[in-house]
Amino acid sequence: MLSTDKAAPGLITLFDSNSSHARADQLIAINGKQMVFDIRNIHLALPTESCGQMFLIVALWNSSDDVEKTLMSTTAWPFQVTCETNADLALYVELEPFPPAHGIFVHNMTIVIGIPMSQQLMGLKFFLQNVNSSSFLRRTSVSVPKVMAYLTQKAHSLLAKSLVRYDTLEYHLGDEILHGDQLIDLLLDQSSPEIKQGQKIQLNTSQLQLFTTSICGEAWMVFRLDLEDVNVENNFAVIPVIIDCSVLSESLNTNMETCGVVPNEFSMGRSALMLTSMQFGSAMSLNAFLYKTEEKTYLPLRGNENFVPEILDAFRMIQLERNRLSKLNQCPFHPELRLNFNTTLFGHLYHLILLLNESWIPSNQTEEQRAQQEKILLISQALGGLLFASTSYNSVPAYFMDSVLNGLFSYWPFFPFDLSSIQSASPPAQDINPSLQSWHERFAKVVTHFMRTTVYADYEGKPNPDTGLQNFLNQLLWSPDALQSATLSKNSVDKLRQFLLLVLQKNLPRTFDDLPSAISNALTSFSEEVRSLIPVEEAQVWIGINTVYHAVQQSIKLLSLTHDEWKSDVAPNQGDISDKLAVLGSMISAVNTSVVVTRLTLLIRKIQESVSLNKQWILMEGMSDTALDAELYCRTLALNRIRFRENPEAGNLFNELDRITFWKRDSGVIYRGDISGITGRLYWNRIAVCHCNSFSKYQTREAMP
C-alpha cells in the first residue's frame, strides 16, 4: 500500500511510493484527468507467519510542505490466505494438584450467582496446546479460533452413562453463554499469537461472568474450541457444576419469570420463536418453541435447526432498519393501524347501503308502501352509521359490534329464529307455542334479553363479563346523547334509537314476511350459490337478482288476475300482499344496476372468504381493546423498506395488513395480533403465558365501558 506516517496496528506496508520523487515513465502517468499508477512490476511479498482473512489496500494521500497530509481515496480487495491443514490444538483444564486433562473433568464445582467467576475459579486454568509437529500460524482477527464457554442444563449422571463427544456439545437455545468476547488474548495487531510445537497458551478466564441465569442446579460448564483440526475430540472440556441460585434477589427472580417472542417477519409473522422459562423443582431452564399460526401448534426446538439463525438474523436486520428510521423521525408516535374501510366487509356493506338510499326513490306509492319503505331505509341508515363508527378502537360502537358478531357466530342456527338460546335464561311462556310466534316477536325477546344479561361465554369458557352490548342498548334507549362521538353523529344515534324502538315494539317492516313460494324459492336458490365454496361472480349476482325480480313480477301479475291462487298462503289479505310485493319490487329495481351489483358481489365474496377461511375466529377469540403500538408499527415500516429494496415490485405491506400476524409481549403474556377483514381492526389473542402469575391476571377480560 502507499504508506502513511502513522500506520494502524496490523497494517504491513508492502510497497510505498512518493510521486514527487518518481520519474514520469516509471510509476505515474498523467492521462487527461486521470492519474495512472502502474505497479505490475512491483514485487509484493506477503508475510508467511500469518494466515486467514486479509485485505489488500491501496491508499492515495495528498501532502505538501504547506498542507497537512490528507487521505484522498482508498480501494481494498479482500483475499484469504489458507492456513495449515494439519493443525491440531488441544484444550486442557488444569487444577492443582490434578494433572491437566481434556474432555470430562472428574471433580464438580459450585458456582454462586452474583460473585465474579474469577474469584470462584481461583487455581483453575485453561490452556490451548499445540500437539502437532509444526507451528500453529498466527491468525488474523477475523480468523482467530473461537473458544466458547457456556452452561447447559445437564444432570451429572449423564457424564458417566453417555459418551460425550465434540459434536454432541453444540450450543443450543437456552444455554447460558459465560462470556461475550474472545478468550484468547490477541496481539497488538489483533491477531492470535503463533503457537510453536508443544507450546501452550493460557486462556483469559477473567472474561467469564455469571450475574444472571435461567439455569439453576446441576449443569455442565462447557469449553469448546471451534476449530476443525486433525483431532476435534481434544477440543473441549466439560466441568460438572452446581449453580447456586439461592442468593438471587427478589427482583432477579421476577426477571426470570419472563418469556420472549421472535416472529418470522419475512413470512408475514406466520411463525415465531418463543422462549419461555420453566421451573423443575429447584432447577430452571429456558425452553424454545416454534409456533405456527396456521396449525396453532408448538414445536419444541433444540436450537440447531437451520431456520433458527435465519429468523434471528432477519429479526436483527429489521431492528437495525427500525433504529435507522427512528433516528430519522420517520416512525409515528401514536399510530393506529387498520385496514382501509372500503376494503373491509363492513365497508362493502356500508357503501351498498349508501347506494340503496341514493337509488331507491319513492314514486306512486300508497301510504302503507311508503311507511314500509321508510322503515327499511331507516334501518339501513342506522346500520350504516353504526358500521362506520365501529372502525374506531376503544369505542362503544366497536365493543357493541364485536359483541353482536360474537353472538351471531356463536348462535347463528338459533338467533333470532329460535328460542332455544334464551329459554334456559328466562321463564318459559307456557301459553305461547314458539313455532307460532313471528320472527318479530322472537327478535324482540332476544334483544330484550341481551339488554338484561349476557348468555354466551367468552373464548376461555368463563361467563363473559363484557357488558358492552348491554350498556350500549340501554344507553341508546335512555341516554342516547351520551353515545355521540367523533364517528357517531347525533343523526346516527337518533336513527339507531328509532331502530331499537321498532324492534322492541315489534314494528319492524313486514316486507319479507310470508312471501309467495315462487319468491321464497328464488331467494333460497340464490342463497345456496352464496353459501357455495366457489367464489361468486357478478354474472351470478345479476342472474340471482333478475330471478327474484321476475318472481316478484310474476306474483304481482298472478295476484292481479285471481285471488283464489292465494288461499293456501298465510298472508292476511290481498291488500297487504300487494303492498309488500310493490315495495319489494321497487327495492329490487333500484339495486338492479351495475354499480350496486359490483358492490354486492364484493360483499358476498368477502362473506364467503371469511367463512371458508374461518376468519371469524379472530373476532370470537380476540380482543380489540388496543391499537398497534408505535414499536410494532415502526418494525412493519422497516420490513416494508427492506422488502422494497430487495424487490422494487414488492407490494406495500400497509395495503395488505390482514395478511400479517403481529406479535407482542405484555405483562408476562405473549399475544398474536390479526387484523380482521370484517371490521378492519386489530385483535389480540393470548398464545402463551410466561409463568403462572400471568395466567391468573388474564383469565378474564376486563369489563368494557
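Presented here is an overview of the structure given in this document. (Residues numbered from 1 in each chain as written. Predicted model: local features only at pLDDT ≥ 70, side-chain atom pairs only at ≥ 80, totals over all residues. Heavy atoms only, no water.)

1. Points about the overall build of the protein chain
Put simply, the rule is: Only DSSP runs of H or I covering at least 4 residues are called helices, and only runs of E covering at least 2 are called strands; the numbering of each starts at the N terminus. Three exposure classes are used, based on accessible area relative to the maximum for each residue type with a 1.4 Å probe and protein chains only: buried under 20%, partly exposed in between, and exposed over 50%. Note on contacts: a residue pair is in contact if any heavy atoms of the two residues lie within 4.5 Å. For accessible areas, the Shrake-Rupley method is used with a probe of radius 1.4 Å. Any residue's cover is judged against the shown protein chains and nothing else.
Counting its regular elements, the protein chain contains 17 helices and 22 strands. Here the protein chain, with 705 residues, has 43% of them falling under the buried criterion. Sequence separation of 24 or more characterises 70% of the internal contacts of the protein chain that already satisfy a separation of 6 or more. Within the structure as shown, the protein chain displays about 37700 Å² of accessible surface, and the carbon and sulfur contribution to it stands at 54%.

2. Details of the state of the cysteines
Note the following rule: The criterion for a disulfide is a pair of cysteine sulfur atoms lying within 2.5 Å.
Enumeration according to the criterion identifies two disulfides in this entry. A disulfide bridge connects Cys 51 with Cys 83, and the sulfur atoms are separated by 2.0 Å. Its S-S torsion of about 100° marks the bond between Cys 51 and Cys 83 as right-handed, since a negative value means left-handed. With Cys 51 in strand E3 (residues 50-62) and Cys 83 in the loop between strand E4 (70-81) and strand E5 (89-95), this residue pair connects regions lying 32 residues apart in the sequence. Like Cys 51, the residue Cys 83 is buried in the burial classification. Between Cys 331 and Cys 634 runs a disulfide, and the two sulfur atoms are separated by 1.8 Å. Residue Cys 331 is located in the loop between helix H4 (307-327) and helix H5 (345-359), and its partner Cys 634 is located in helix H16 (residues 630-646); the two are separated by 303 residues in the primary sequence. Judged by its relative accessible area of 13%, Cys 331 is buried.

3. Here we look at the sheet that holds strand E22 (residues 682-689)
As a reminder of what qualifies: A strand pair is defined by DSSP finding two or more bridges across the two strands. For every element, the axis is a line fit to its C-alpha atoms; helices are fit only across the contacting stretch, and the angle between N-to-C directions ranges from 0 to 180 degrees.
Taken in spatial order, the three strands line up as E20-E21-E22 in an open sheet, and their pairing is antiparallel. Of all the strands in the sheet, just strand E20 (661-666) and E22 have a single pairing partner and so form its edges. Across this sheet, the average inter-strand angle for adjacent strands is 30°, counted without regard to direction.

4. A closer look at the nonpolar core
Heads up, the rule is: Here, nonpolar core means buried Ala, Val, Leu, Ile, Met, Phe, Trp, Tyr and Cys residues that are tied together by side-chain atoms lying within 4.5 Å of each other.
Core analysis: the biggest nonpolar cluster contains 63 residues, and Phe 346, Trp 360, Phe 472, Leu 473, Ile 519 and Val 541 have the highest contact counts within it. What Leu 473 contacts, discounting residues up to four positions off in sequence, is Phe 400, Val 447, Phe 450, Met 451 and Leu 500. Judged by nonpolar contacts, the second largest core, of 37 residues, contains Leu 178, Met 221, Leu 227 and Ile 239.

5. Describing the pattern of salt bridges
A side chain of one charge can pair with a side chain of the opposite charge if their charged atoms are brought near each other. For clarity, the cut-off: Should a side-chain nitrogen of Lys or Arg be within 4 Å of a carboxyl oxygen of Asp or Glu, the pair is scored as a salt bridge.
Applying the stated criterion across every chain yields a total of 15 salt bridges. The partner of Arg 681 in a salt bridge is Asp 402, and the shortest N-O contact between them spans 3.0 Å. Residue Arg 681 is found in the loop between strand E21 (669-675) and E22, and its partner Asp 402 is found in helix H7 (residues 396-411); the two are separated by 279 residues along the sequence. Asp 402 sits in the buried class, given a relative accessible area of 11%. Between Asp 494 and Lys 490 there is a salt bridge, with the nearest N and O atoms lying 3.2 Å from each other.

6. Regarding unusual backbone geometry
Within the chain, Asn 329 stands out as a residue other than glycine whose phi angle is a positive 60°. Tracing the chain through its elements places Asn 329 in the loop between H4 and H5. One non-glycine residue with positive phi stands out, namely Lys 506, at about 55°. When you line up the elements, Lys 506 lands in the loop between helix H10 (490-504) and helix H11 (517-530).

7. Side note on the packing of helix H6 (residues 367-389) against H10
The criterion, for reference: Put simply, angles under 35 degrees are roughly parallel, angles over 145 are roughly antiparallel, angles from 65 to 115 are roughly perpendicular, and the rest are oblique. By definition, any crossing whose near helix is turned counterclockwise from its far helix by less than a right angle is left-handed, and any crossing with a clockwise turn is right-handed. When residues are sorted by character, Ala, Val, Leu, Ile, Met, Phe, Trp, Tyr, Cys and Pro go into the nonpolar class, Asp, Glu, Lys and Arg into the charged class, and all the rest, Gly among them, into the polar class.
Axis separation between H6 and H10 bottoms out at 8 Å; the angle between their running directions is 125°. When the axes of H6 and H10 are compared, the pair comes out oblique. For H6 against H10, the interelement crossing comes out left-handed. From H6, Lys 375, Leu 378, Ile 379, Gln 381, Ala 382, Gly 385 and Leu 386 reach across to H10, where they touch Ser 492, Lys 495, Leu 496, Gln 498, Phe 499 and Leu 502. Partitioning the contact of H6 with H10 into residue classes produces seven nonpolar, four polar and two charged.

8. Some words on the side chain of Ser 380
Formally: For this analysis, a polar contact is any N or O atom pair within 3.5 Å, provided that within protein one partner can donate a hydrogen and the other can accept it, and provided that sequence-adjacent residues contribute only side-chain to side-chain pairs.
Position of Ser 380 among the secondary structure elements: in helix H6. Under the relative-accessibility criterion, Ser 380 is labelled buried at 8%. At 3.2 Å, the side chain of Ser 380 forms a polar contact with the side chain of Asn 357. The residues touching Ser 380, leaving out its near neighbours within four places in the chain, are Ile 353 and Asn 357.

9. A closer look at a nonpolar patch on the surface
Our working rule: Within the patch definition used here, like charges are joined within 9 Å and nonpolar side chains (Val, Leu, Ile, Met, Phe, Trp, Tyr) within 5 Å, considering only residues with over 30% relative accessible area and no salt bridge.
A cluster of nonpolar side chains, contributed by Met 148, Tyr 171 and Ile 177, occupies part of the molecular surface with about 230 Å² of accessible area. As for its placement among the helices and strands, Tyr 171 is situated in the loop between helix H2 (157-161) and strand E12 (176-177). Residue Tyr 171 is classed as partly exposed on the basis of its relative accessible area of 32%.

10. Some details on helix H14 (residues 594-612)
Just so we agree on the cut-off: For a helix, the expected span equals 1.5 Å multiplied by the number of residues minus one.
With 19 residues, H14 should cover 27 Å at 1.5 Å per step; its first-to-last C-alpha distance of 27 Å lies within 8% of that length. Among the residues of H14, Val 596, Val 597, Leu 600, Thr 601, Leu 603, Ile 604, Lys 606, Gln 608 and Ser 610 are the ones counted as buried. Just beyond H14, the residue with positive phi is Asn 614, at close to 55°.

Functional significance is not addressed by these values, which are geometric in nature.
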